[in-house]
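# Remarks on the overall topology
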Amino acid sequence: MVRIVVTPPAAVGAESSGPIPLTHHQILELVAPFSRRGRQVDLAASDRALRRLNFKPVSHPNLPLAGEALTESLILEHPEADQFRLRRILTDDSGLSSTLEIEGTDAGLLLEQVEAIAVERQIIAVEGVHIARSYRLQPVAASEHRPAHWRLQLTTAEARAEGTVLTLNAKTGRKMPADIELDGEAEQRLQVPADLFAVLGWDWRPLRPLGKFWRGSVRIAADEPQRTADAESKFSQAVSHLAKTLRSDPADFHARWQSARWRVTFQRAIPVLIGIGLMGSAPLIQLFSLENASLARMLIFHAPPMLLIGIFMMRELPVIEIPPMPRRLVGRDWIIDDGKGRLEGGSVPGAEAG
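Residues numbered from 1 in each chain as written. Predicted model: local features only at pLDDT ≥ 70, side-chain atom pairs only at ≥ 80, totals over all residues. Heavy atoms only, no water.

## Let's talk about the overall build of the protein chain
- Tallying secondary structure elements over the protein chain gives six helices and 16 strands in all.
- Looking at the 354 residues of the protein chain, the share that counts as buried comes to 40%.
- A separation threshold of at least 6 residues defines the contact pool for the protein chain, and within that pool the share at least 24 residues apart is 56%.
- Of the roughly 20300 Å² that the protein chain leaves accessible, carbon and sulfur atoms contribute 57%. (Helix = DSSP H or I, 4+ residues; strand = E, 2+ residues; numbered from the N terminus. Buried < 20%, exposed > 50% of the residue type's maximum accessible area, 1.4 Å probe, protein only. Contact = heavy atoms within 4.5 Å. Areas by Shrake-Rupley, 256 points an atom, 1.4 Å probe, with all protein chains shown as cover.)

## Digging into helix 2 (residues 107-115)
- Every buried residue belonging to helix 2 is among A107, G108, L110, L111 and V114, and all of these are buried. Down the axis, helix 2 shows its buried residues gathered within 160° of arc, on one side only.
- In this fold, the buried residues of helix 2 make contact with helix 1 (24-36), strand 4 (70-80), strand 5 (83-91), strand 6 (97-104), strand 8 (129-140) and strand 9 (149-161).
- The N-cap of helix 2, judged by a side-chain oxygen 3.0 Å from the amide nitrogen of G108 a few residues on, is D106. (Arc of directions from axis to C-beta. Polar contact = N/O pair within 3.5 Å; in protein donor to acceptor, adjacent residues only side chain to side chain.)

## Some remarks on the nonpolar core
- L86, L166, L168, L182, F197 and F235 are the most contacted members of the largest nonpolar core, which has 61 residues in total.
- Looking at which element gives the most residues to this core, the answer is helix 3 (residues 226-246), with seven residues.
- If you look at the next biggest cluster of nonpolar residues, it comprises eight residues, including L90, V119, I123 and A132. (Core = buried A, V, L, I, M, F, W, Y, C linked by side-chain atoms within 4.5 Å.)

## Notes on the pairing of strand 7 (residues 123-126)
- By the bridge criterion, four bridges tie strand 7 to strand 8 in an arrangement that is antiparallel. Along strand 8, the bridge assignment pairs A125 with H130.
- Between the antiparallel neighbours strand 7 and strand 8 lie two residues, among them E127 with a positive phi of about 55°. (Pairing = 2+ DSSP bridges.)

And the structure:
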């Protein structure tokens, strides 16, 4: 008995397992608006299979805000029909990079919007430290007061100062504070006071050690465009403060910021003080004779659940703690070498105290 098995051919037009590579004709059409503006495609660096085109880098020498030359790279992605993603990446000599990203249906229009943003907006220098700020251009619909336009929205920022890396993440959501992270370069660990940035004002939260790095937050404006402007300003302030602090002796920090450190201690103690106040005032209720149907009696009875609801409605949950008293930092260096617990320049007793 002979058994014959026939395998039917694959159906014509069956769904592809991946994106259709760009053809030579499509590439010519896509790069046309870029070529008219002097941009040259780099076919060797592009990936036709991933539908990504890289353009040859352009150098911007002697920019006043950055203080040195920057290298600009353009990447155009065409993942599907009528959908484009354009990224402008700026890099300085140290490798610090900033990205400006925009998405839309017209590649030529995207290029116009990207070029309308000055290169100096992405990388600036503060106290001799470069700050790389990454943005997204978001479309904004027309309103009664303004026609449709594109809005520049800060997403992240990064700076490297005195052997540390400071980053800001503004993608935390509307009305939410921006996250701040401070880390040492390579295998180094930092030994800094928790109120390193909190001394700058009420909007700053203390740093918390998370393994090798420190994390905190800063309150910024809730809505755009004020949110981006506020984040830019406060991150520049933080970089300037960080650079000046790390260039000085740790012992100088307490003398310079003593009154601000006591304010931070009080600020950190507010949640616990409120709790103590509520518990201390609870017995005093017995001194009042309230009618069963009175409004005051109803509010007192429902106070605990109302307080709980109020806490969860806050932008950030309060930290219940007894903050340490600020004290003088003693030592010669802020950095711990290579994670073995050895200090590069000597011990810094008290550096981790709030």
